[in-house]
Amino acid sequence: MTFNDHLQHLVERALASIPAADAGDIYAFSFLIDNEDDDPRQPTLTVGYNTEAQARRSIQDASDQAEARWNYAFWIQNELTVVGDLTSDPGGAVARQEWITELGFWYEEPTDLADWDAVIGPLAAQIESHFNQTCCQLARTLHTTGVIERSVGRTVPVIVHELEYYEAIARQTEAANPPGVADEFTSWVRNG
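Fair warning: this is a prediction, and the values are worked out from it, not measured in the lab.

About the criteria used
- Residues numbered from 1 in each chain as written.
- Predicted model: local features only at pLDDT ≥ 70, side-chain atom pairs only at ≥ 80, totals over all residues.
- Heavy atoms only, no water.
- Helix = DSSP H or I, 4+ residues; strand = E, 2+ residues; numbered from the N terminus.
- Expected span 1.5 Å × (residues − 1).
- Bend = angle between axes of the 7 residues up to and from the residue.
- Salt bridge = Lys/Arg side-chain N within 4 Å of Asp/Glu carboxyl O.
- Buried < 20%, exposed > 50% of the residue type's maximum accessible area, 1.4 Å probe, protein only.
- Contact = heavy atoms within 4.5 Å.
- Phe/Tyr/Trp six-rings, centres within 6.5 Å; stacked < 30°, edge-to-face > 60°.

**Student:** Just give me the short version of helix H6 (residues 113-144), but keep the residues and values in it.
**Tutor:** Taking 1.5 Å per residue as the helical rise, H6 with its 32 residues ought to reach 46 Å, and the 45 Å between its terminal C-alpha atoms agrees with that figure. Where H6 bends most, at Ile120, the angle is about 45°, and the proline Pro122 comes one to four residues later.

**Student:** An account of the pattern of salt bridges is requested, with residue identities and associated values reported.
**Tutor:** Inspection of the entire model under this criterion finds seven salt bridges. Between Arg41 and Asp39 there is a salt bridge, and its shortest N-O distance comes to 2.9 Å. Neither residue differs from the other here; Arg41 and Asp39 are each classed as buried. The partner of Arg41 in a salt bridge is Glu109, with the nearest N and O atoms 3.0 Å apart. Within this pair, whereas Arg41 is found in the loop between strand E1 (26-35) and strand E2 (43-51), its partner Glu109 is found in the loop between helix H5 (90-103) and H6, the two being separated by 68 residues in sequence. Each of Glu167, Arg171, Glu174 and Arg190 takes part in salt bridges that share partners, so that together they form one network.

**Student:** Go over the environment of Arg150, please, and point to the residues and values.
**Tutor:** Within the element layout of this structure, Arg150 appears in helix H7 (residues 147-152). Accessibility expressed as a relative area gives 61% for Arg150, which makes it exposed.

**Student:** Quick rundown of the environment of Val82? Include the residues and the values.
**Tutor:** Looking at the secondary structure, you find Val82 in strand E3 (residues 81-83). When its relative accessible area of 13% is taken as the criterion, Val82 is described as buried. Separated by 61 residues in the primary sequence, Val82 and His143 have C-alpha atoms spaced 20 Å apart. Once residues within four sequence positions are removed from consideration, Val82 is found in contact with Thr44, Leu45, Thr46, Ser88 and Asp89.

**Student:** Report on the packing of aromatic side chains, specifying residues and quantitative values.
**Tutor:** For the structure shown, the criterion picks out nine aromatic pairs. Geometrically, the ring pair formed by Trp99 and Phe131 is edge-to-face, given 6.4 Å between the ring centres and 65° between the ring planes. You can see Trp99 sitting in helix H5 and its partner Phe131 sitting in helix H6, a full 32 residues away along the chain. We note that Trp99, like Phe131, is buried.

Here it is, written out as structure tokens:
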């Protein structure tokens, strides 16, 4: 199974596992991208969601309603699945390494720090870019095939993000969703 197939399989299975009691209250999915052990060769995708009830509970701790709704720090922090995690998804970690190797971006830790800036930095940036694009493409596929609608009964945005938000997060979230679906989130990122 390719890494892309593995990624899609685990995420679809995770979305199918959403409790019926939560499904109607979900207003957004989270595709949190992070690097395990801060290693750019080990990107992971953590899939979760947030609910209207959680956003209402968070208002008292947030600066305003929009922050309570869109700032991941106020979300439920659930983990439906963590794709590529060395512990919980070792098969995905192996498939991810094979995928990065096939792309020509795998590298060994340099012994000379000068190699980091000249060689490793650009490779790490390529891994990040390809992984982010793959996650955006998966989100688009989940919309196109109706997986998201079947999971929660309607179309909701998939927020493709890191722990910090900035313009690139808004752009990749727009790319991950049908036109207009993520406008509330991207407007908040861009305008505060």
